[in-house]
Amino acid sequence: MADPLPQRRTVAVVGGGVAGLLAARRRAARGDVVTILEATESLGGRVSRIEVDGLELDAGAESFATRGGSVERLLAELGLSDAVAEPSPTPAWVVGRGVAHALPASGWMGVPTDPFAPDVVAAIGRLGSLRLAMDRWLPVRVVAPDATAAGVFRRRLGRRATARLVGPVVRGIYSKPLDALPFSVLGPDVASDLVARGGLLALAAARRAAAPAGAAVLGLEGGVATLAEALGDDARRLGVAVRTGVRVTEVRAASGVWEVETGVDAAPIRVDEVVIAVPPAAAARIAPAFAPTGASTGRAVLVTLVLDAPMLDAAPRGNGVLALPGLARAKALTHATAKWPWLAARTGGRHVVRLSYDASACAGLDEGAPAEAPGSLAGAALADASALLGVPLGPPQLRDIAVVSWPDSSPLRDVDARPAPGLTLVGSAAGLSGIAAIVAADFVLSDSQERMTA
Ligand SMILES: Cc1cc2nc3c(=O)[nH]c(=O)nc-3n(C[C@H](O)[C@H](O)[C@H](O)COP(=O)(O)OP(=O)(O)OC[C@H]3O[C@@H](n4cnc5c(N)ncnc54)[C@H](O)[C@@H]3O)c2cc1C
């Protein structure tokens, strides 16, 4: 008698963002029976679309880092290499009260490689550059584990370079001022690298040299949401069952299997493996025994404006602005139609501007009120765009607005996750942030599986 067919492993993937889609696709490709359970009505999570003034725009992420080449490898697998789009080569600006300068080319985290480069001198002045150059001669001390980023940068680079070059870049990435950020957050090996290289300028030069040639970030024609859509299509092609509108409320171990409770199924779903691919705070709610605890990192609000504003045709602030504290509520602005030529070609002269806020900066503003109404978020966003772009903008220029609020917005590292046999945390639930980091982690997993089965 022939051997019975081996039982196929069953997997529930909780969350249908990029991380969940990647995990589902890999498991289906190796023969598992996979179901994605996604709370909202569509896949993609922070890599999804929104319609504003009839334009299909990215609702969250709009680019990916080229570091490591993982995303380009994935795009090739998905047949999307031809859609890769380069941003315009114009720099972003740093704008604050009485300050507006192009952001100098940076080696790492806003730290330039040449303190006397013309764009650096233009940004921080000759004295600022001289103080910055002192980094080369200052004695290098071991960085204390509790050192703040502000402390280390100020001591080595001076106040002006720290405030004007490093602070805006780091705040844009981590949503926190330098004073509130431990230096260690910038990477597990940064402190030792700083000592080994003999300073921050040398560290920045080394990181710059190690970075791939070309743009540090790329986009996709049609928006990076195209990537999530292609992953969803590929997952379905591989047989993954996709259930949208299904919010998971609990994941628990039950005598050799995992049980997944949803708000819609009468009985728990029983599977061999659960992959948790939701933001950390949601993971902590549904699987408190295994997920990171106390990991909520605050909300980000993204306001997208579509404007009729010919004075923006000349892209007065390049691709966008990193805001110094005090001038606007927004922490950053992207002039999307200046940054992405493919988008400008589709808007018929309209401008798309995206403003990023920490949710606390929008507290008390009325999201639904028209731009003319006092206390409206739309009015505040227009005022911010006007201040940051340096051109008059008001309700007459506004064609349409979209506001999206995202939980757990800041990158985390070293989250205290406790996976168990048959329970896997991926993407932001595992402390990863950014499409590149999430895709790279997926390749590491699949390459190691291939080696094991070779
Ligand atoms: C405004 C913004 C801009 C960004 N820009 C960039 C960028 O330009 N480049 C870049 O690389 N990265 C960017 N990022 C970060 C990047 O988008 C994320 O790191 C990445 O998309 C996270 O993917 P994920 O799959 O881990 O989580 P998510 O995309 O958050 O997906 C999680 C999914 O789980 C679902 N879910 C939540 N709770 C439940 C539940 N209980 N049951 C079922 N489903 C649930 C959610 O609906 C969601 O679909 C940005 C993030 C934000 C917020």
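Structure's up top.
Residues numbered from 1 in each chain as written. Predicted model: local features only at pLDDT ≥ 70, side-chain atom pairs only at ≥ 80, totals over all residues. Heavy atoms only, no water.

Q: Sorry if this is basic, but what is going on with the overall build of the chain here?
A: Counting its regular elements, the chain contains 13 helices and 20 strands. Over its C-alpha atoms the chain spans a radius of gyration of 23 Å, differing by no more than 12% from the 22 Å that the globule rule assigns to 454 residues. Principal-axis analysis of the C-alpha atoms places the extent of the chain at approximately 85 × 55 × 40 Å. Per-residue burial for the chain yields a buried fraction of 52% across its 454 residues. Restricting to contacts in the chain with at least 6 residues of sequence separation, those with at least 24 account for 69%. On the chain, roughly 20,200 Å² of surface is accessible, and the fraction owed to carbon and sulfur atoms is 55%. A distance of 8 Å separates the average location of the 45 positive side-chain charges in the chain from that of its 44 negative side-chain charges. (Helix = DSSP H or I, 4+ residues; strand = E, 2+ residues; numbered from the N terminus. Rg over C-alpha atoms; globule rule 2.2 N^0.38 Å. Buried < 20%, exposed > 50% of the residue type's maximum accessible area, 1.4 Å probe, protein only. Contact = heavy atoms within 4.5 Å. Areas by Shrake-Rupley, 256 points an atom, 1.4 Å probe, with all protein chains shown as cover. Lys, Arg positive; Asp, Glu negative; His and termini not counted. Charge placed at Lys NZ, Arg CZ, Asp CG, Glu CD.)

Q: Looking at this model, I keep getting lost on the packing of helix α6 (residues 190–197) against helix α7 (residues 200–210). Mind explaining?
A: At a minimum axis separation of 8 Å, α6 and α7 run at an interaxial angle of 105 degrees. One element, α6, and the other, α7, form an angle in the roughly perpendicular class. Of the residues in α7, those in contact with V190, D193, L194 and R197 of α6 are L200, A202, L203, A206 and R207. Here the contact of α6 with α7 is composed, by residue class, of six nonpolar, no polar and three charged. (Axes fitted to C-alpha atoms, helices over the stretch in contact; angles between N-to-C directions. Parallel < 35°, antiparallel > 145°, perpendicular 65-115°, else oblique. Nonpolar A, V, L, I, M, F, W, Y, C, P; charged D, E, K, R; others polar.)

Q: Got a minute to help me understand the sheet that holds strand β19 (residues 398–406) in this structure?
A: Within a sheet, each strand pairs with its neighbour through backbone hydrogen bonds, oriented either parallel or antiparallel. Reading across the sheet, the seven strands line up as β8-β7-β16-β17-β18-β15-β19 and stay open at both edges, with mixed pairing between neighbours. The open sheet has two edge strands, β8 (99–102) and β19, and neither has a second partner. Strand-to-strand twist of the sheet, defined as the mean angle between neighbouring strand axes without regard to direction, takes the value 15 degrees. As judged from the eight bridges shared by strand β15 (residues 300–307) and β19, these two strands associate in the antiparallel manner. Residue L302 lies in a different strand from β19, and its bridge partner there is V404. (Pairing = 2+ DSSP bridges.)

Q: Mind showing me how you'd approach helix α8 (residues 225–237) here?
A: A rise of 1.5 Å per residue sets the reference length of α8, with its 13 residues, at 18 Å; its end C-alpha atoms lie 18 Å apart and thus fit the reference within 8%. The set of residues buried in α8 consists of A225, T226, L227, A228, A230, L231, G232, D234 and A235. After α8 finishes, the residue G239 shows a positive phi value of roughly 100 degrees. (Expected span 1.5 Å × (residues − 1).)

Q: Help me understand the site of the ligand in this model?
A: Near the ligand there are 32 residues, and of these E38, R46, S63, G434 and I435 occur at the shortest range. Contact between the ligand and A19: an oxygen atom at 3.0 Å from a main-chain N or O atom of the residue. The separation between an oxygen atom of the ligand and a polar main-chain atom of G434 is 2.8 Å. Here the ligand has 1,000 Å² of accessible area as a free molecule, and 86% of this is covered by the chains. Elements represented by at least two residues in the shell around the ligand include exactly α1 (18–29), β2 (33–38) and α13 (435–453). Of the residues belonging to the shell around the ligand, the class tally is 16 nonpolar, twelve polar and four charged. (Near = heavy atom within 4 Å. Polar contact = N/O pair within 3.5 Å; in protein donor to acceptor, adjacent residues only side chain to side chain.)

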